[in-house]
2 protein chains.
Amino acid sequence: MQESPIPIPWPSRDRYLTPFLPLVYVAWSDGILSETEMGRIRQAIGESEDLPASAARVLESWLRADSPPSPEALARLEASIRRAARRAAPEELRSLVSLGVAIARAEAVDAGGWATAKGLRVLGGVEELLGVLGGEAARDLAPPERPVPPQRDSDGPTAATALQRIMTGDEDERRLRTRVLELLSDPRIRVPDGLPTPTARKRVLAAVRRLAAEGLGKLAFPTEFGGTDDVAGSMILFETLAYGNLSVLIKFGVQFGLFGGSVHQLGTRRHHEMLLERIGSLDLPGSFAMTERDHGSNVRGIETRADYLPDTDEFVIHTPHPGAEKDWIGNALHGRMATVFAQLHVGGEEHGVHAFLVPVRTRLGRPLRGIRIEDCGQKVGLNGVDNGRLSFDRVRIPRRNLLDRFADVTPEGGYRSPIVSPGRRFFTMLGTLVGGRISIAAASVSVAKTGLAVAVPYSARRRQFGPSGEAEVPILDFLAQQRTLLPALATTYGLHFAVRSLITDYASADSRHTPPRVEALAAGLKAYASHHAQETLQNCREALGGQGYLAANRLGVLREDTDIFTTFEGVNVVLLQLVAKSLLSKYRESMGDLRLWSMVRLLAERAGEEVARLDPVRSRRSADEHLRDPEMQREALLFRESRLLHTVARRLKRRIDRGMDSFHAMNECQDHLVHLARAHVERSILESFRAGVERCGESGDGTAARLLGALSDLYALSTIERDRAWYLESGYMEAVQTKAVRDLVNRLCRELRDEAPALVRAFGIPDAVLAAPAALDGAPG
Amino acid sequence: MQESPIPIPWPSRDRYLTPFLPLVYVAWSDGILSETEMGRIRQAIGESEDLPASAARVLESWLRADSPPSPEALARLEASIRRAARRAAPEELRSLVSLGVAIARAEAVDAGGWATAKGLRVLGGVEELLGVLGGEAARDLAPPERPVPPQRDSDGPTAATALQRIMTGDEDERRLRTRVLELLSDPRIRVPDGLPTPTARKRVLAAVRRLAAEGLGKLAFPTEFGGTDDVAGSMILFETLAYGNLSVLIKFGVQFGLFGGSVHQLGTRRHHEMLLERIGSLDLPGSFAMTERDHGSNVRGIETRADYLPDTDEFVIHTPHPGAEKDWIGNALHGRMATVFAQLHVGGEEHGVHAFLVPVRTRLGRPLRGIRIEDCGQKVGLNGVDNGRLSFDRVRIPRRNLLDRFADVTPEGGYRSPIVSPGRRFFTMLGTLVGGRISIAAASVSVAKTGLAVAVPYSARRRQFGPSGEAEVPILDFLAQQRTLLPALATTYGLHFAVRSLITDYASADSRHTPPRVEALAAGLKAYASHHAQETLQNCREALGGQGYLAANRLGVLREDTDIFTTFEGVNVVLLQLVAKSLLSKYRESMGDLRLWSMVRLLAERAGEEVARLDPVRSRRSADEHLRDPEMQREALLFRESRLLHTVARRLKRRIDRGMDSFHAMNECQDHLVHLARAHVERSILESFRAGVERCGESGDGTAARLLGALSDLYALSTIERDRAWYLESGYMEAVQTKAVRDLVNRLCRELRDEAPALVRAFGIPDAVLAAPAALDGAPG
């Protein structure tokens, strides 16, 4: 049987007991103490020789699990402790003990005896028993009421302006960009999100018409047809349009890039003369009809037929079965003509996929005879774009409607082509897609920029949680938030430079024969950038919490609209395999399987040599100056690419030598091939990024160059970190180094945290175009 | 100067030249040969003593880069080779050389001389020079026209039925589930996607009303108020409703789970008598008003005030500034009463967050005086739910409207609570959220099931690409597609068992004090499952290509609707930190920071002991029987959790010892804490999964048990694989073992590929509820 509990006179003004108050409060406020723990504390008190027996008995009764103080008494106790603690000197907040003494003083209780070393020892012993960290608890009780710190945002305008200059190339480009950004605020072009589909389609059509009226539809066409022959410019235009409504962007791309581009690049002079001006002004809306329901990725397998009839000098375009219907065709409901891809049959011979101009509707919009057009129906996003299905019932078109730049049929039914290899011919005709892929990569980067331009300022402003008793901190101070946003920011910068450099290479190449290296990088960057955009938007959505779920903040709509970016213009995993094949064949005739196998053999034989390059000292070096050395970073990415190339070759060879066919061999190594492709893309991005940093350094802007350098470090190191399992498995790095990489990524995130708002301002997206309330300064946090 | 080229008589019937045809065709079809390569081949031919000079000259001219054959001739050549090859014997397809001989025979050319060993050697030499793999090329030219293999789908119905039985618990549960699934096909409950917001809200309200009329709103309430006291049942109900429209689900959850649950769990008898029946029948629609604009995650920081006025025996509910508005409140436009969380002030003392019943609208729907309600506006998803903002201008409510189960105010203004610690009291009052979190976890699993039930059958049916000349293969045969879907399928199964077991634990616990272990796992599984649902839907969307972008296939809509699952009922990263803190304090008073620090110290001191457990032999064992040993898998996950716990404790201690405050110490280790939480959740999932496998084995169904076992292997190993960097860094595994894990994951994917359709059928989602055209057998591939 226990004694009946002694009533507890909270708050106490007892000279012996008052100094114990913080300790008692903490014991109870920390949750229900177990009887064992209480017992141990009571015992320590009972054994103390410094405490009179009566005081010890009271104290013991205060610490009995079966007789807790009333919550009201506890609340009053807390209030009085906090009041006293607010006046305590900082050194008195070092422990519960010293705080207790301070409280006794504040309550004008003579605690003289306790303030001695001996007294403090007793109190300290009890505190230790409670197992709490005294200082922590004491500080917790005494909130140093610091003012809310001002917005941190160093080097803001200056660095942002300098960076923006670096990122927007020459004067022409800047002028085009500014013009397009102005147009994006034009109410005739600015299509709000969330309109009902029929309204959205009308508004989007009108917006594209307006852009065409500005002459922007013809940018890539030759000057003699009203254009400016500016391929790079047309891509910068596309990249900039991607800050606005994405249905407008995609419809624009279908009309001028795909439909116009196919006439321009696959047709010859007579087609250009007849059509390019009309296409560029949207006088002739048209479609690009390649994909079929049964054949999306495997374009070579499409089944629409084009049979030549020498008697009437015509082709017959025909859909043999429903699976061969053209599906997902953009501009399907507004288009009056389509570039239709079909298997060409001439005199009993099949010549593979060719492109034909097929009129599909009258000027008034009625489908022509033999042509069936259906709406695809509601989509996840991009509902402002009229995607549809097209099928052809023995539709006749004149022979001259074959786009005949790379192959021609004579009136007599002869077949001619300047490209002998059917494989090469097929991929040359698909060249239209290369420009499309680069454009999609560019647009994806813009979308990622938009996402970050919303999420970063919001995170720098929105406050939640904080040190006990202090003001809440901006959520961008949290490591998890930094990890979510800052490596994505670095990747976005890297992709920016990589896509810009690819645009330059593509625009300066001979349009007849895009270098395989450029083709491969176009496929790779499209896959990488579209995936990055998706991931970044999702992260930004979550980083904004509920605010991200408001349609008005655009992140959800952008994600829905760009979701299909990972699928169209080539499904990402298929594109990454193209990249890997291209690497395996060292860019020589990247598309020929047979040539590929001979290269695979060669590479497989050389695989062993790589191992010799491993360096046991380098693999353990973990100092910052080593990890932040651009040469080290580049070498690490190069090594990975090269090693993956050789090891996948070895795996493929082993299978082929066993008699496995190439399809199954490739499939068994698909994860490895995709990994190789990513490694290649990442290495290319880093190289473009570093080149950008160097240009920036040469231009003499130190702050901007330092920031860019730190971002490129973050890109390189977070890329290595994500794949550190591979680096460990390959022996290129040891655990001490990969851990140092992770640690440095964390520190780089902290280092860049304050600059992040300036870094997204450098994207130069005007508020009126960004148009997300959460991004704006005045908006609620 | 070269000789002028000799015209090439394609096809050739020359006895010397015909056997070279396949070689010549391949040389050209593989793309443009470089002049060097051509030269080398011509040289080999010229030096051959077996070829007459005239034939050699012709052959050389055929292989001159500057005089390619016409594409027409090449097409004819290809046709004739393919014709001949089709009749060749399999052994003749081993190389281009033997194929050439077969062609000569087919074209009735006497190739006698070439068929000798010597002749073949010459041809072989040339073939080698071309650097192609002869067999590959030959097979390529001679498609073995195999019939399309039938749908593979073994053990279909039987295994699916047995598995479904294992997964749906007892008879009661099955009955409830069946009933709900039937209701989900009821046109009054079935709300189509994509309706305009006002219509959707009306339809959703009507559907919830219909469910209430079926008595489903009261399931968790005590029997005396019309319920069945069936907490577990109410969660199974929620889980099953999640196969239907998610706005219906969430509105249902707000009304009965959050609003009803708060009255049930935070109120006392008089509240129950007055309200539970009316809430359960939707006679009284209501809201759960906790979140404020400035305080979402940090609930403790909410600023709405409730001041007690002893004079009138009332509380005054007040919104002090716009940031304290209640935000994102579900049922805001239909609700007539709200459970409002506010800071209680009694007689000048602050007692923390308490819940109050506040009438907000008249029966006719007009807001009451002092209450302002606004629509939140269009959201990314869940637009059928009426989320809104509520604010209070000195609104008076009677004292009895305090939900007083855990704290009461006396008429005189005294404060009483059975829970002494304010921290513990706060978290007990938040207990309503624990049930909500488990429900969201359960719903997330259902959504992941829906995604897979669409994507897996589609991938097993849709064909694209294939071995050269053969029928295309189902895309589920591709390793990348398997990797996208099958580990997600395994995780979904694992989560199913884990959530079920958590439901059982939660339902059987004392409702006054949910064990901290259950609280922690509820937070952890909510975070893990909601993230998994998002990721799986995204993967399924991409796995369906364009079909996934059709709104009709539901994946996009589901993703938009569940997107907020990662944010509401606790932002995932915040929840994972709760889990980590709970683990650090060994579940004792998980919420008290001070208790936490003493445990951190203890754990940090023990961190060294872990290392001794590393076993150099085990870390290299890579045989399947080792990796598929459930004990090995469990140990690997346990080790990770335990090691992460000790190492993060050490990192925290180091910081706290340096004098860093707890907030900053936690933040610097945030990634580590989140990692620990995931490790804990994954270990818990695996244990529940294995328990399910064992129950299945005991029930005597071998096939089902084998399948489940393989799935649990895939879950465990893909989890280890994803974190293999950590296993390597910690020294628990060596590269040889992590590589074996990756390889085994690939093989498990292949092993389960054929069973995958049966495995998703076992989810038991009726076609009418699934309602995605792409999932149906008759649908286009």
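Residues numbered from 1 in each chain as written. Chains lettered and ligands numbered in written order. Predicted model: local features only at pLDDT ≥ 70, side-chain atom pairs only at ≥ 80, totals over all residues. Heavy atoms only, no water.

Once that is clear, we can look at the overall build of chain A. A tally of regular secondary structure across chain A gives 30 helices and 11 strands. Scored against the burial criterion, the 781 residues of chain A give a buried share of 63%. Of all intrachain contacts in chain A linking residues separated by at least 6 positions in sequence, the fraction that spans at least 24 positions is 74%. (Helix = DSSP H or I, 4+ residues; strand = E, 2+ residues; numbered from the N terminus. Buried < 20%, exposed > 50% of the residue type's maximum accessible area, 1.4 Å probe, protein only. Contact = heavy atoms within 4.5 Å.)

Superposing chain A onto chain B requires a rotation of 180° together with a translation of 0.0 Å along the rotation axis, leaving an RMSD of 0.1 Å. Seen this way, the second copy is the image of the first under a two-fold rotation axis. Closest approach to the rotation axis among the C-alpha atoms of chain A is made by A:Ala725, whose C-alpha sits 2.0 Å away. Both copies contact each other with a shared surface, as 100% of the interface residues of chain A are interface residues in chain B too. (Least-squares fit on C-alpha atoms with pLDDT ≥ 70 in both.)

Before going further, it helps to spend a moment on helix α14 (residues 422–429) of chain B. Counted residue by residue, α14(B) has seven buried out of eight residues, so it is predominantly covered. By the burial criterion, the buried members of α14(B) are B:Gly423, B:Arg424, B:Arg425, B:Phe426, B:Phe427, B:Thr428 and B:Met429.

Turning our eyes to something else, we now look at the sheet that holds strand β7 (residues 371–375) of chain B. Residues and elements named next belong to chain B. Spatially, β4-β8-β7 is the arrangement adopted by the three strands of the open sheet, whose pairing is antiparallel. Each of the sheet's edge strands pairs with one partner strand only, and the pair in question is β4 (326–329) and β7. Going across the sheet, the axis of each strand differs from the next one's by a mean of 20°, ignoring polarity. Note that β7 and strand β8 (residues 388–392) share five bridges and pair antiparallel. Paired with Ile 371 across the bridge in β8 is Phe 392. (Pairing = 2+ DSSP bridges. Axes fitted to C-alpha atoms, helices over the stretch in contact; angles between N-to-C directions.)

Attention shifts here to the sheet that holds strand β4 (residues 326–329) of chain A. All names here are of chain A. Ordered in space as β4-β8-β7, the three strands form an open sheet in which the pairing is antiparallel. Looking at the sheet topology across the chains shown, the edges are occupied by β4 and β7 (371–375). On average, adjacent strands in this sheet sit at an angle of 20° to one another, irrespective of strand direction.

It is worth spelling out the packing of helix α17 (residues 516–543) of chain A against helix α20 (residues 572–584) of chain A at this point. Residue and element names in this part refer to chain A. Their axes nearest at 9 Å, the elements α17 and α20 cross at an angle of 145°. Where α17 crosses over α20, the two elements pack in a sense that is left-handed. Together, Pro 516, Ala 520, Ala 523, Gly 524, Lys 526, Ala 527, Ser 530 and His 531 of α17 and Asn 572, Leu 575, Leu 576, Val 579 and Ser 582 of α20 make up the contact between the two elements. Of the residues in the contact of α17 with α20, the class split is seven nonpolar, five polar and one charged. (Left-handed = near helix turned anticlockwise from the far one by under 90°. Nonpolar A, V, L, I, M, F, W, Y, C, P; charged D, E, K, R; others polar.)

Time to look at the layout of surface pockets. In this structure, the second largest pocket occupies an estimated 1200 Å³ of space. Put simply, the parts of the chain that give the lining of the second largest pocket at least two residues each are α10 (197–213) and α19 (555–562) of chain A together with α10 (197–213) and α19 (555–562) of chain B. The residue makeup of the lining of the second largest pocket, split by class, is 21 nonpolar, 17 polar and eight charged. (1 Å grid on protein atoms, 1.4 Å probe; cavity = no way out; pocket = protein on both sides within 12 Å on 5 of 7 lines; lining within 4 Å. Points joined across faces, edges and corners; volume = space filled by probe spheres on them.)

This brings us to unusual backbone geometry. Even without being a glycine, A:Leu382 presents a positive backbone phi close to 55°. With respect to the helices, strands and loops of the structure, A:Leu382 is situated in the loop between β7 and β8 (388–392). A relative accessible area of 4% places A:Leu382 in the buried class. The phi torsion at B:Glu569 lies on the positive side, around 55°, for a residue other than glycine. Along the chain, B:Glu569 falls in the loop between α19 and α20 (572–584). A relative accessible area of 17% places B:Glu569 in the buried class.

This part takes up the pairing of strand β1 (residues 286–289) of chain A. All names here are of chain A. Burial along β1 is two-sided: the face carrying Gly 286 and Phe 288 and the face carrying Ser 287 and Ala 289 are both buried. In the sheet, β1 pairs with strand β5 (residues 337–346) via four bridges, with the strands oriented parallel. Within β5, the position partnered with Phe 288 by the bridge is Thr 339.

Okay, the interface of chain A and chain B next. Taken residue by residue, the interface counts 120 residues in chain A and 120 residues in chain B. Across the chain A to chain B interface the summed buried area is about 9700 Å²; carbon plus sulfur atoms make up 55%. Where chain A packs against chain B, one counts eight salt bridges. The salt bridge partner of B:Arg742 is A:Glu729, with a shortest N-O separation of 3.3 Å. At the boundary of chain A with chain B, the tally comes to 54 residue pairs in polar contact (both at pLDDT 80 or more). Per-class residue counts for the side of chain A that touches chain B are 46 nonpolar, 36 polar and 38 charged. (Buried area = accessible area lost by both parts, 1.4 Å probe. Salt bridge = Lys/Arg side-chain N within 4 Å of Asp/Glu carboxyl O. Polar contact = N/O pair within 3.5 Å; in protein donor to acceptor, adjacent residues only side chain to side chain.)

Turning our attention to the packing of aromatic side chains. Residues and elements named next belong to chain A. What the rule picks out here adds up to 28 aromatic pairs over all chains. Taking the centre distance of 5.3 Å and the plane angle of 40° together, the rings of Tyr 493 and Phe 763 count as tilted. Of this pair, Tyr 493 sits in helix α16 (residues 479–508) while Phe 763 sits in the loop between α29 (756–761) and α30 (767–770), placing them 270 residues apart in sequence. Phe 763 gets classed as buried once you look at its relative accessible area, which sits at 2%. (Phe/Tyr/Trp six-rings, centres within 6.5 Å; stacked < 30°, edge-to-face > 60°.)

Let us look at empty space enclosed by the protein. Summed over the entire model, instances satisfying the criterion amount to seven cavities of 30 Å³ or more. Taken as a whole, the largest cavity spans an internal volume of roughly 110 Å³. Surrounding the largest cavity, 15 residues form its lining, A:Thr428, A:Gly431, A:Ser511, A:Arg512 and A:Thr514 being those nearest its centre. Elements supplying a minimum of two residues to the lining of the largest cavity: α12 (246–266) and α14 (422–429) of chain A. Classifying every residue of the lining of the largest cavity by side-chain character gives four nonpolar, seven polar and four charged. If you add up the space inside the second largest cavity, you get close to 50 Å³. What lines the second largest cavity is B:Gln164, B:Met167, B:Thr168, B:Arg177, B:Glu239, B:Tyr243, B:Lys449, B:His496, B:Arg500, B:Ala762 and B:Phe763. Of all the secondary-structure elements, those providing two or more residues to the lining of the second largest cavity are α8 (156–167) and α16 (479–508) of chain B. The residue inventory of the lining of the second largest cavity, partitioned by class, reads four nonpolar, three polar and four charged.

Quick look at the environment of A:Ser662 now. Inspection of the secondary structure assignment puts A:Ser662 in helix α24 (residues 662–668). Taking the C-alpha atoms as reference points, A:Ser662 and A:Leu652, separated by 10 residues in sequence, lie 8.3 Å from one another.

Moving on, we get to the environment of B:Thr492. Residues and elements named next belong to chain B. Summarising the element assignment, Thr 492 is placed in helix α16. Since its relative accessible area comes to 0%, Thr 492 is described here as buried. It is 35 Å that separates the C-alpha atoms of Thr 492 and Gly 335, two residues lying 157 residues apart in sequence. Every residue in contact with Thr 492, bar those within four places of it in the chain, is listed here: Val 445, Ala 448, Lys 449, Leu 452, His 532 and Phe 763.

Attention now goes to the packing of α16(A) against helix α26 (residues 702–722) of chain A. Residues and elements named next belong to chain A. At a minimum axis distance of 9 Å, the contact between α16 and α26 shows a crossing angle of 110°. As the angle between them shows, α16 and α26 are arranged roughly perpendicular. Along its contact with α16, which presents Arg 483, Leu 486, Pro 487, Leu 489, Ala 490, Thr 491, Tyr 493 and Phe 497, the element α26 presents Leu 708, Leu 711, Leu 714, Tyr 715, Ser 718 and Glu 721. Of the residues assigned to the contact of α16 with α26, the class counts are 10 nonpolar, two polar and two charged. (Parallel < 35°, antiparallel > 145°, perpendicular 65-115°, else oblique.)

Let's shift gears to a positive patch on the surface. Taken together, the side chains of A:Arg650, A:Arg654, A:Arg658 and B:Lys739 make up a positively charged region of the molecular surface. One can find A:Arg650 in helix α23 (residues 630–657). In this structure A:Arg650 comes out as partly exposed when scored by relative accessible area, which is 36%. (Patch = residues over 30% accessible without salt bridge, like charges linked within 9 Å, V, L, I, M, F, W, Y side chains within 5 Å. Areas by Shrake-Rupley, 256 points an atom, 1.4 Å probe, with all protein chains shown as cover. Lys, Arg positive; Asp, Glu negative; His and termini not counted. Charge placed at Lys NZ, Arg CZ, Asp CG, Glu CD.)

This part is about the confidence of the model for chain A. Residues and elements named next belong to chain A. On average, residues of chain A score 88 in pLDDT, and 88% of them are at 70 or above. Segment residues 144–153 is flagged for pLDDT under 50; beyond a separation of four residues in sequence, or across chains, it makes 15 contacts in the model. The complex model carries a pTM of 0.91, and its ipTM stands at 0.90. (pLDDT = per-residue confidence, 0-100.)

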